[in-house]
Amino acid sequence: MVLSGAAHSEAPDPLPSWNDGPTKGAIVGFVEKVTKEGGPDYVPPTDRIATFDNDGTLWVEKPAYTQLIFAIDRVKALAPEHPEWKNKQPFKAAIEGDMKTLAASGKKGIAELVMASHAGMTPAQFQTIVGDWLAATKDPRFQRKYTELVYQPMLELLAYLRDNGFTTYIVSGGGIEFVRNFSEPVYGIPPDQVVGSSIKTKYEVVDGEPTVMRLPEMNFIDDKTGKPIGITQHIGQRPLAAFGNSDGDFEMLQWTTAGEGPRFGMIVHHTDAEREYAYDRDSEVGRLDKALDAAAENGWVVVDMKNDWGQIFPSKE
């Protein structure tokens, strides 16, 4: 009997945008190891938790975090209602597009900008504003919407993990409701599987209607030491695998890979100035210094974007 060609064909590569090599091999080897029933490193699906940073890990974070660009645009839109902002920093810098002065205002100034532009509305109203902005705004360098500047290899990785029984979560320093706006249509990650920074909210009844309002006060910052805390509060168990790109992800990677049994930590190293950006130790955005030094000692896989990724962004439709 002659077998058909289909019978001889191999299964399609689940990670076609990843170049063959040690990095891709490490990913596939880990997944095969923890999903092999009866094997010594088998992990049941209930414990196959994978957490992903967003900015710089799943989508572009240069020249500034996307949510900061959104906040600046919101301040400009709201400026006519706040004439005092014309002479008050960091609002003056935001209105004038003075990124140097804005950066000099530090985390405190950025937080003030975000509080003023993200509060005073319901979560549903905020989601609508974010959605409209994402649909209408393009990155000036690539001339594509920010939701199109996601990394094709990471989209493949998310799908590959889910196909192998993993539950994928976003654990972002960005705003939880900002990321929840696009997490499912872009990444296939439902809103309840997003962990992020948040501002305080208040329940009140307005004109007889029960309402939750967003307040201009910070509730939780999901960055650095906050990431393991946010994971514990929202997910309730230590991840099996964690993926990041900066020192803001150090503690998440450290905590994940310190667990018992097989663990996996991965850092996306931005090394491709031509197709995306090249930066690490001296960058103000997405600085990768401490975590890069700690990678070898902790057994974390470091992705060389230039050499490990055959494609950066999804193809244009």
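All of these numbers come straight from a predicted model, not from anything done at the bench.

The subject of this paragraph is the layout of surface pockets. Reported here for the second largest pocket is a volume of approximately 180 Å³. Tallying contributions element by element places helix α3 (residues 66-78) first for the lining of the second largest pocket, with four residues. The class makeup of the residues in the lining of the second largest pocket is seven nonpolar, one polar and two charged.

Bringing the nonpolar core into the picture now. Within the largest apolar cluster, 65 residues are counted, with the highest numbers of intra-cluster contacts made by Met154, Leu157, Tyr187 and Met266. Those residues in contact with Tyr187 that sit more than four places away from it in its chain are Asn54, Leu58, Trp59, Val150, Leu155, Leu158, Arg162, Ile170 and Phe182. Counting residues in each nonpolar core, the second largest holds 17 residues, with Val171, Ala242, Phe250 and Trp300 among its members.

A word on the pairing of strand β6 (residues 264-269). Most of β6 is tucked away, with six of its six residues classed as buried. By the alternation rule, side chains of β6 split into Phe264, Met266 and Val268 and Gly265, Ile267 and His269, which are all buried. Bridge analysis of strand β5 (residues 241-244) against β6 gives four bridges, and the strand direction is parallel. For Ala242, the partnering residue across the bridge sits in β6 and is Gly265. Of the crossover connections in this fold, the one passing from β5 over helix α12 (residues 250-257) to the parallel β6 is right-handed. Where β6 lies against strand β7 (residues 301-304), four bridges are found, and the strand directions are parallel. When the bridges of β7 are listed, Val268 appears paired with Val303. Handedness of the β6-helix α13 (residues 290-298)-β7 crossover: right-handed.

Time to look at the sheet that holds β7. One open sheet accounts for seven strands, arranged β4-β3-β2-β1-β5-β6-β7; its pairing is mixed. The open sheet is flanked by β4 (209-220) and β7, the only strands paired with a single partner. Across this sheet, the average inter-strand angle for adjacent strands is 30 degrees, counted without regard to direction.

Time to look at unusual backbone geometry. Comment: phi is negative for the bulk of residues other than glycine, and the bulk of peptide bonds are trans. Pro63 follows Lys62 through a cis peptide bond whose omega is 0 degrees. Of note, Pro63 is situated in the loop between β1 (49-52) and α3. Note that the residue after Gln89, namely Pro90, is joined by a cis bond; omega there is 5 degrees. With respect to the helices and strands, Pro90 occurs in the loop between α3 and α4 (91-96). The residue Lys224 is not glycine, and still its phi comes out positive at about 55 degrees. Tracing the backbone shows Lys224 in the loop between β4 and α11 (226-234). Overall, Lys224 belongs to the partly exposed group, its relative accessible area being 38%.

Counted under the stated rule, the structure contains one cavity of 30 Å³ or more. Here the largest cavity is characterised by a volume of approximately 30 Å³. Lining the largest cavity are Ile27, Phe30, Val31, Leu157, Leu161, Ala241, Phe243 and Phe264. For the lining of the largest cavity, the secondary structure elements donating two or more residues are α2 (22-35), α8 (152-163) and β5. Among the elements that take part in the lining of the largest cavity, α2 stands out by supplying three residues, more than any other. Taken together, the residues of the lining of the largest cavity sort by class into eight nonpolar, no polar and no charged.

What counts as what
- Residues numbered from 1 in each chain as written.
- Predicted model: local features only at pLDDT ≥ 70, side-chain atom pairs only at ≥ 80, totals over all residues.
- Heavy atoms only, no water.
- 1 Å grid on protein atoms, 1.4 Å probe; cavity = no way out; pocket = protein on both sides within 12 Å on 5 of 7 lines; lining within 4 Å.
- Points joined across faces, edges and corners; volume = space filled by probe spheres on them.
- Helix = DSSP H or I, 4+ residues; strand = E, 2+ residues; numbered from the N terminus.
- Nonpolar A, V, L, I, M, F, W, Y, C, P; charged D, E, K, R; others polar.
- Core = buried A, V, L, I, M, F, W, Y, C linked by side-chain atoms within 4.5 Å.
- Buried < 20%, exposed > 50% of the residue type's maximum accessible area, 1.4 Å probe, protein only.
- Contact = heavy atoms within 4.5 Å.
- Pairing = 2+ DSSP bridges.
- Right-handed = clockwise from strand over helix to strand, strands pointing away.
- Axes fitted to C-alpha atoms, helices over the stretch in contact; angles between N-to-C directions.

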